[in-house]
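The residues making up each chain are set out below.
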Amino acid sequence: MGSGLKLSHIVAGFIAVLLGYTSSVAIIFQALEVLGASQAEANSWMLALGVGMGASGLILSLRYRMPILTAWSTPGAALLVVGLDGVTMPEAIGAFLFCGLLLTLTGLSGWFEKLSHLIPDAIGNALLAGILFKFGLGIFVSTEENLPLVAVMCAVYLAGRIWFARFAIPAVLLAGCLFCAATGAFEQGALDLSLARPVAVLPEFSLPVLIGVGLPLFIVTMASQNTPGVVTLRAAGYAPPVSACLTVTGLTTLVLAPFGGYAFNLAAITAAICAGPEADDNPDTRYRAVVVAGLLYMLVGILGAAVVGLFTIAPKALVMTVAGLALLGTIGTSLQAALAAPERREAALVTFMTTVSGIGFLGIGAPLWAVLLGMGTGAALSLSARARRPAAARP
């Protein structure tokens with residue numbers, strides 16, 4: 001086993017951070033706008049979120065030698081945008097602390113880990129394939145925005161798969177950046193070069209806000225983030241310490257909530273980048289990609305608006321194409337594993353299609369509904385098969 005970082009670790013970690021910020025940082029800014037946050041408070045939020053993701057990911061990946069990447073709760077941020085109207089900043093901080101407490105207690109109790117073991121591998125792989133599927137589609141959707149850029153990146157990817165497979169994704173990223181620089185595709189704008197500073201807000205605890213914001217934040221974080229996060233790692237061949245992960249992310253939320261760290265959880269999509277073969281041929285050393293991502297997350301948080309600005313000037317087509325190409329192998333492997341067993345194929349397809357549909361009810365996103373519908377389908381078909389078996393055996 002090698003003793004140092006590989007280029008693939010650095011690239012995978014960078015792509016994970018790039019995708020993590022560009023895909024949802026705008027939602028964080030919308031939540032801050034609803035709360036009427038000052039620029040100093042906004043910078044503090046970005047500091048807390050960056051340091052929280054980086055530190056918790058570093059702790060878990062180094063402790064367990066697995067690519068356990070953490071993230072802020074993206075559906076949680078979307079919930080905050082619609083749920084914080086009329087809520088003061090201190091009341092919001094109180095709700096974040098309540099969510100952090102629930103996450104910590106969930107980890108310490110161990111019930112979620114026991115529940116997660118009930119999900120069959122076929123369902124888990126179908127869920128992961130469905131979560132990542134839109135990123136594969138993003139390659140082709142991006143052709144409408146910038147066909148020449150996508151064509152160049154795809155051509156480099158194909159050449160890389162043929163002649164330099166290990167460096168295909170780094171070459172794609174480099175080619176995309178050079179093309180954007182040459183064609184002026186990077187957005188121009190002044191960058192705020194100031195460092196972020198922590199701004200603590202004393203919490204206020206309002207029962208309606210705790211129930212209306214804190215509890216739903218916990219539910220969507222568990223259902224739409226932690227469940228896919230566990231499945232992602234298991235589909236990649238790891239046995240993550242689920243309870244320890246929830247405890248660490250819950251405690252991180254408790255510590256950083258006063259500064260804007262509203263909720264931390266296991267990552268799914270960005271974790272797939274670090275847990276796949278593109279990050280490292282050796283599964284035992286893929287955790288080093290998370291180490292890179294963790295350090296980058298902390299750097300982004302400390303540098304605040306300056307680095308966030310650098311991430312957001314990249315064209316969407318560049319981000320979506322490099323992410324989609326980096327995840328192609330994982331999508332294919334997950335689909336193959338999901339559909340391998342004929343007796344579970346229909347349940348896996350229901351899971352996959354429900355996830356891809358993006359449906360949501362009762363404030364809960366598609367991933368949890370996909371697991372429930374897939375497992376329900378599998379259970380119904382299994383019972384039907386058992387009921388028919390004795391009849392078929394009769395003379």
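Residues numbered from 1 in each chain as written. Predicted model: local features only at pLDDT ≥ 70, side-chain atom pairs only at ≥ 80, totals over all residues. Heavy atoms only, no water.

Engineer: Teacher, can you tell me more about the state of the cysteines here?
Structural biologist: Tallied over the full model, the rule gives zero disulfides. With no disulfide partner, Cys154 has as its closest neighbouring cysteine sulfur the one in Cys180, 13 Å distant. Taking relative accessible area as the criterion, Cys154 reaches 23% and is therefore assigned partly exposed. Cysteine Cys180 shares no disulfide, and the gap to the nearest cysteine sulfur, in Cys177, comes to 6.7 Å. (Disulfide = S-S within 2.5 Å. Buried < 20%, exposed > 50% of the residue type's maximum accessible area, 1.4 Å probe, protein only.)

Engineer: Even after reading the chapter, I still don't get the packing of helix H6 (residues 121-141) against helix H14 (residues 316-339), so can you show me in this structure?
Structural biologist: Between two packed helices, the angle of one axis relative to the other and the distance separating the axes together describe the packing. With their axes 7 Å apart at the nearest point, H6 and H14 run at an angle of 150° to one another. Relative to H14, the element H6 is oriented roughly antiparallel. For the pair H6 and H14, the crossing hand works out as left-handed. Classifying every residue of the contact of H6 with H14 by side-chain character gives 17 nonpolar, seven polar and one charged. (Axes fitted to C-alpha atoms, helices over the stretch in contact; angles between N-to-C directions. Helix = DSSP H or I, 4+ residues; strand = E, 2+ residues; numbered from the N terminus. Parallel < 35°, antiparallel > 145°, perpendicular 65-115°, else oblique. Left-handed = near helix turned anticlockwise from the far one by under 90°. Nonpolar A, V, L, I, M, F, W, Y, C, P; charged D, E, K, R; others polar.)

Engineer: What should I look at first to understand the nonpolar core in this one?
Structural biologist: Nonpolar side chains tend to gather and get buried jointly when the protein is soluble and globular. Core analysis: the biggest nonpolar cluster contains 108 residues, and Tyr21, Ile28, Leu69, Trp72, Phe96 and Tyr262 have the highest contact counts within it. Ranked by size, the runner-up nonpolar core spans five residues in total, among them Ala126, Ala129, Ala338 and Ala348. (Core = buried A, V, L, I, M, F, W, Y, C linked by side-chain atoms within 4.5 Å.)

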